Amino acid sequence: MSIQKIVENALKDGYLTPIMEEEVGRICESASDLPMEEYMALDRLMGALLTGEVKAVARKQFINVMEELVLSEAISQVAEQESKESSDLDIGDIAAYALNRLPPLYATTHEGADYQRQRAKQELQTLIARQVTEGIQRYVECPSIPNRRPLEQQQRSDILQNMTDMLKSLAPD
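Read on for an overview of the structure. The structure displayed is predicted, hence computed values, not measured ones. (Residues numbered from 1 in each chain as written. Predicted model: local features only at pLDDT ≥ 70, side-chain atom pairs only at ≥ 80, totals over all residues. Heavy atoms only, no water.)

1. As for the pattern of salt bridges
Phase 1: Inspection of the entire model under this criterion finds eight salt bridges.
Phase 2: Two residues, K84 and E80, come together in a salt bridge whose shortest N-O distance is 3.2 Å. Within this pair, K84 and its partner E80 are both found in helix α4 (residues 65-84), separated by four residues, close to a single helical turn.
Phase 3: Assessed through its relative accessible area of 63%, K84 is described here as exposed.
Phase 4: Residue R117 is joined to D114 by a salt bridge in which the shortest nitrogen-to-oxygen separation is 2.8 Å. On the criterion of helical spacing, the pair formed by R117 and D114 is a turn pair, its members being three residues apart in helix α6 (residues 110-123).
Phase 5: One connected set of salt bridges, linked through shared partners, spans E68, D114 and R117. (Salt bridge = Lys/Arg side-chain N within 4 Å of Asp/Glu carboxyl O. Helix = DSSP H or I, 4+ residues; strand = E, 2+ residues; numbered from the N terminus. Buried < 20%, exposed > 50% of the residue type's maximum accessible area, 1.4 Å probe, protein only.)

2. With respect to the nonpolar core
Phase 1: Core analysis: the biggest nonpolar cluster contains 20 residues, and M66, V70, I94, I128 and V132 have the highest contact counts within it.
Phase 2: Looking at this core, the elements with two or more residues in it are α4, α5 (91-99), α6 and α7 (125-141).
Phase 3: Counting residues per element, this core draws most heavily on α4, at six residues.
Phase 4: Beyond its immediate stretch of four places on either side in the chain, V132 contacts V70, E73, A74, Q77, I94 and A98. (Core = buried A, V, L, I, M, F, W, Y, C linked by side-chain atoms within 4.5 Å. Contact = heavy atoms within 4.5 Å.)

3. Details of the packing of helix α1 (residues 3-13) against helix α3 (residues 36-51)
Phase 1: The geometry of α1 relative to α3 is characterised by a closest axis approach of 8 Å and an angle of 25° between their N-to-C directions. Considering the angle they form, α1 stands roughly parallel to α3. At the point where α1 passes α3, the crossing takes the left-handed sense. Seen from α1, the contacting residues are I3, Q4, V7, A10 and L11; seen from α3, they are E37, E38, A41, L42, R44, L45 and A48.
Phase 2: Classifying every residue of the contact of α1 with α3 gives eight nonpolar, one polar and three charged. (Axes fitted to C-alpha atoms, helices over the stretch in contact; angles between N-to-C directions. Parallel < 35°, antiparallel > 145°, perpendicular 65-115°, else oblique. Left-handed = near helix turned anticlockwise from the far one by under 90°. Nonpolar A, V, L, I, M, F, W, Y, C, P; charged D, E, K, R; others polar.)

4. A short note on the packing of aromatic side chains
Phase 1: In total, this model carries one aromatic pair according to the counting rule given.
Phase 2: A centroid spacing of 5.7 Å and a plane angle of 80° characterise the contact between F62 and Y106, whose relative ring orientation is edge-to-face. Within this pair, whereas F62 is found in the loop between β2 (55-56) and β3 (63-64), its partner Y106 is found in strand β4 (residues 106-107), the two being separated by 44 residues in sequence.
Phase 3: Under the relative-accessibility criterion, F62 is labelled partly exposed at 41%.
Phase 4: Of note, R101 hangs over the ring of Y97, and the distance from its end group to the ring centre comes to 3.6 Å. (Phe/Tyr/Trp six-rings, centres within 6.5 Å; stacked < 30°, edge-to-face > 60°. Lys NZ or Arg CZ within 6 Å of the ring centre and 35° of its normal.)

Below you can see the structure in the form of structure tokens.
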């Protein structure tokens, strides 16, 4: 998708989503020189963000409490497993396996997250432990997948700052 199309959608909806932001960044990083129309679209987006015509949606306005509960259980079980036998288990793979088989527990506030944690500990702890155990068993059976490309953590700055810097660098003196 082009920057122009992304800006068009953002202006129509009034929001710049994290996916749209990521795509603009990807296009800017991969192109050595953008066409003038794309620069103009970036300028329009920047103006719309600054005036509030378009709102940048925060990357995460909510959390899935189940992720932290599963990760904690996975770390505990993997540590126990590795202390018994020499094995190198991938906590991320094990946690992903379990999370795909458990209900999400989303929260938007600290109070909501505390409620979800308590609820999960009372009602779902046994199920969480069982799914993590199954994840470990599956990983031991098939520890590597051919042509596997793990996700990487992306270090990103605020989109407004990136766009401001880029537009300043392109502006005539």
